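Coordinates in review
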Amino acid sequence: MKEWASRTKRRLAFFVPGIPAAQPSRGAAVGKNGKPYTFTRTGAWVQWRADVKQFAAAAMEQDGNTEPMTDSVFIDATFIFPRTKSAPMIKPKAHKVKPDLSNLLKNLEDALKGVLLADDKIVNGAELHKLYAMPGGRVGVSLLFVESHIALCEGMTSAAPGAAKRSERYGK
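A quick note: this is a predicted structure, and the numbers were derived from the prediction, not measured.

We now examine the sheet that holds strand β4 (residues 72–81). Ordered by their spatial adjacency, 4 strands build an open sheet running β1-β6-β4-β5, and the pairing between neighbours is mixed. Because the sheet does not close on itself, it has two edges, and the strands there are β1 (8–17) and β5 (123–132). Sheet twist, expressed as the mean angle between neighbouring strand axes with direction ignored, is 10°. With 9 bridges joining them, β1 and strand β6 (residues 140–148) adopt antiparallel strand pairing. Bridge pairing in β6 links F15 to S142. Along the sheet face, helix α3 (residues 101–112) touches β4, β5 and β6 and points at about 120° away from the line of β4.

Below, the structure written as structure tokens:
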């Protein structure tokens, strides 16, 4: 753990309440003039993205550092959705329906570009989870961002939190 901590430049953790929303893919259509065009669908993802920006800015201000992260960034995100009536009440249950994790991550990265992240291309590692909320639990996304002087994906099995568990699990 000391090795990880010595490489860490900055850490920021915060929670964004609300139902996480993925950014939809662009739509395509053909206009009356016969020329194709693309369009972006609107919906709940627009408000969720605005909420993520707002909570990120507040967390940065509370942390005392309002400058965006510029070095390699590792993201740990747990997206927590409202519990369904069919979900067991005593243990966490994986969320196995839409939206998918890759679209949730993309919307998260795009929301934080220029706010917490200088650019989404600096994200070089992520640990992502989708779960249903426990009874009475909060719905939203729990986030941890770790900025480092090194590329965290290089040697991930020896430097990252939880890496020992992953190494044992996958035999690496």
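What follows continues from the structure just given.
Per-residue confidence for the protein chain gives a mean pLDDT of 78; residues scoring 70 or more make up 69%. No element of the protein chain has a lower mean pLDDT than helix α5 (residues 163–170), which averages 43, and none a higher one than β4, which averages 93. Across residues 162–172, confidence stays below pLDDT 50; counting only partners more than four residues off in sequence or on other chains, it has 10 contacts.

Take the packing of helix α2 (residues 44–63) against α3 next. Contact geometry of α2 with α3 gives a least axis separation of 9 Å together with a crossing angle of 50°. Taken together, α2 and α3 sit at an angle that is classed as oblique. Where α2 crosses over α3, the handedness of that crossing is right-handed. Contacts from W45, W48, R49, V52, K53 and A56 of α2 reach α3 at N107, L108, D110, A111 and L112. For the contact of α2 with α3, a count of residues per class yields 7 nonpolar, 1 polar and 3 charged.

Between two aromatic rings, the relevant description is the distance of the centres plus the angle of the planes. Evaluation of the coordinates by the stated rule reveals 2 aromatic pairs. Centre to centre, the rings of W48 and F79 are 6.4 Å apart; their planes meet at 45°, and the pair counts as tilted. Placement of W48 in helix α2 and of F79 in strand β4 is noted, with a sequence separation of 31 residues between them. Accessibility assignment for this pair places W48 and F79 in one class, buried. Sitting over the face of the ring of F15, R138 holds its NZ or CZ atom 3.8 Å from the ring centroid.

Mapping T78 onto the fold places it in strand β4. Given the relative accessible area of 19%, T78 is considered buried.

When the terminal C-alpha atoms of α2 are compared, their 29 Å separation across 20 residues agrees well with the 28 Å that a helix rising 1.5 Å per residue should span. Listed in full, the buried residues belonging to α2 are W45, W48, R49, D51, V52, A56, A59 and M60. Projected down its long axis, α2 carries its buried residues within an arc of 165°, all on one side. Facing away from the buried side of α2, by more than 90 degrees, are the exposed residues Q54, E61 and Q62.

Another point: the pattern of salt bridges. Under the counting rule described, the total for this entry stands at 5 salt bridges. A salt bridge links K9 to D71, with the shortest nitrogen-to-oxygen separation between them at 3.1 Å. Of this pair, K9 sits in strand β1 while D71 sits in the loop between α2 and β4, placing them 62 residues apart in sequence. Residue D71 is classed as partly exposed on the basis of its relative accessible area of 25%. K9 is paired through a salt bridge with E147; the nearest N and O atoms lie 4.0 Å apart. In this pair, K9 is assigned in strand β1 and E147 in strand β6, connecting sequence segments 138 residues apart. Residues participating in the shared-partner salt-bridge network are R49, K106, D110 and D120.

What counts, and at which threshold
Residues numbered from 1 in each chain as written. Predicted model: local features only at pLDDT ≥ 70, side-chain atom pairs only at ≥ 80, totals over all residues. Heavy atoms only, no water. Pairing = 2+ DSSP bridges. Helix = DSSP H or I, 4+ residues; strand = E, 2+ residues; numbered from the N terminus. Axes fitted to C-alpha atoms, helices over the stretch in contact; angles between N-to-C directions. Contact = heavy atoms within 4.5 Å. pLDDT = per-residue confidence, 0-100. Parallel < 35°, antiparallel > 145°, perpendicular 65-115°, else oblique. Left-handed = near helix turned anticlockwise from the far one by under 90°. Nonpolar A, V, L, I, M, F, W, Y, C, P; charged D, E, K, R; others polar. Phe/Tyr/Trp six-rings, centres within 6.5 Å; stacked < 30°, edge-to-face > 60°. Buried < 20%, exposed > 50% of the residue type's maximum accessible area, 1.4 Å probe, protein only. Lys NZ or Arg CZ within 6 Å of the ring centre and 35° of its normal. Expected span 1.5 Å × (residues − 1). Arc of directions from axis to C-beta. Salt bridge = Lys/Arg side-chain N within 4 Å of Asp/Glu carboxyl O.

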